[in-house]
Amino acid sequence: MRSTLISAILTSALVSANPHLGMPGWEPAGPDDFRGPCPMLNTLANHNFLPHDGKGITEEVAVQALTAGLNFNATLAALMFKMAVVANPEPKATFFTLDHLNQHNVLEHDASLSRSDAFFGNNHVFNKTIFDETRAYWTGPVLDVNMLANGKIARQINSKAYNPEYTFTESMENFSLGEVAAPIIVFGDLQTRTVDRALIDYFFENERLPTELGWTKPANALTQDDVLAVSQAISEAANLITPSEPGHAGKRGDLHSGLGV
Ligand code: HEM
Ligand SMILES: *[C@@H]1O[C@H](CO)[C@@H](O)[C@H](O)[C@H]1NC(C)=O
Ligand SMILES: *[C@@H]1O[C@H](CO)[C@@H](O)[C@H](O)[C@H]1NC(C)=O
Ligand SMILES: *[C@@H]1O[C@H](CO)[C@@H](O)[C@H](O)[C@H]1NC(C)=O
């Protein structure tokens, strides 16, 4: 009887510390914890895959977090760290903190999916108004590259129209394509290039891995080729020109020929 009770207490303690096998317990950021504009790094810190205080992220720490938490291939994880460590303003830095990422126009950029432009206010906390702007283009329960690309373009048009300091360089575009692709890569299907919208809403809103919605980390290690393939598909889906209708393109050209077409 007594041992049953003790074992029940122990079990419930274990379950609350670790509600999903292999998934460290989740705890939101406290007042002294650093967080940044990346919903995934914040998430990994909330799950203690990264230091919960968001500090001291060395290559070893980043690679461990991305491999253990998301099954990133270690080569890809190391590459991402190397691209990020420039966010630490110290020369030859060997680590970064999550709040280093908040510096505007270093890695953080305008027209984010879920954060305000720096011009308008806080550029790194989740902002529901902004996320709703993006989600207006997520027109079904399963997101595809077109919906994700449309949300991205819409945010850029809004920023370009209303933010007099709108900045979006080619290297920001490249980063942005990776960010827009990320939901498919981590939470979706690499073959069909789709992802359940519910998982993405949950992830952004809670900065928590959507295990309670049935997500499990990818079975096969994610490589740089996976990231590039989905980013490329997003880039193509962001093109607003559709293929010509066979036989009609020439006539339409004639119609407007007086206008210099
Ligand atoms: C070393 C690894 C990483 C670094 C340094 C990093 C850094 C950043 C930064 C600086 C931003 C802000 C860009 C902006 O202004 O919108 C960002 C956004 C983002 N990151 Fe990460 N990231 C990393 C890994 C990941 C991973 C593994 C995912 C996978 C899901 C991810 C998903 C995203 C998404 C979806 C956004 C866009 C958020 C938005 O537009 O509102 N990141 N990341
Ligand atoms: C990561 O994947 C790439 C491409 O498949 C491979 O060349 C590399 O060796 C992998 N890295 C590790 C550490 O397994
Ligand atoms: C969210 O973004 C909008 C538009 O940039 C801004 O007006 C609002 O103050 C932001 N909200 C928060 C909570 O930062
Ligand atoms: C952006 O990506 C494209 C396509 O992969 C590449 O050709 C270009 O050099 C990249 N530009 C920058 C500034 O990184």
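Residues numbered from 1 in each chain as written. Chains lettered and ligands numbered in written order. Predicted model: local features only at pLDDT ≥ 70, side-chain atom pairs only at ≥ 80, totals over all residues. Heavy atoms only, no water.

## With respect to the coordination of the iron atom of ligand 1
- Only one protein atom coordinates the iron atom of ligand 1: C38 (SG), located 2.3 Å from the metal.
- Within the secondary structure layout, C38 lies in the loop between α1 (2-17) and α2 (39-46). (Donors = N, O, S within 2.8 Å, 3.2 Å for Na, K, Ca; no water. Helix = DSSP H or I, 4+ residues; strand = E, 2+ residues; numbered from the N terminus.)

## Focus: the site of ligand 3
- Around ligand 3, the structure places S116, F120, N127 and I130.
- The contact in question runs from an oxygen atom of ligand 3 to an N or O atom on the side chain of S116, over 2.9 Å.
- Within the side chain of N127, a nitrogen or oxygen atom sits 2.3 Å from an oxygen atom of ligand 3.
- Compared with its free state, where it exposes 360 Å², ligand 3 has 46% of that area covered by protein. (Near = heavy atom within 4 Å. Polar contact = N/O pair within 3.5 Å; in protein donor to acceptor, adjacent residues only side chain to side chain. Areas by Shrake-Rupley, 256 points an atom, 1.4 Å probe, with all protein chains shown as cover.)

## Comments concerning the site of ligand 2
- In the vicinity of ligand 2, the contacting residues are N73, A74, T75 and T223.
- Note that an oxygen atom of ligand 2 is positioned 2.2 Å from one of the side-chain N or O atoms of N73.
- Here ligand 2 loses 34% of its free accessible area of 360 Å² to cover by the protein chains.
- Here the residues of the shell around ligand 2 are counted per class, giving 1 nonpolar, 3 polar and no charged. (Nonpolar A, V, L, I, M, F, W, Y, C, P; charged D, E, K, R; others polar.)

Spatial relationships are all this shows, so hold off on functional conclusions.
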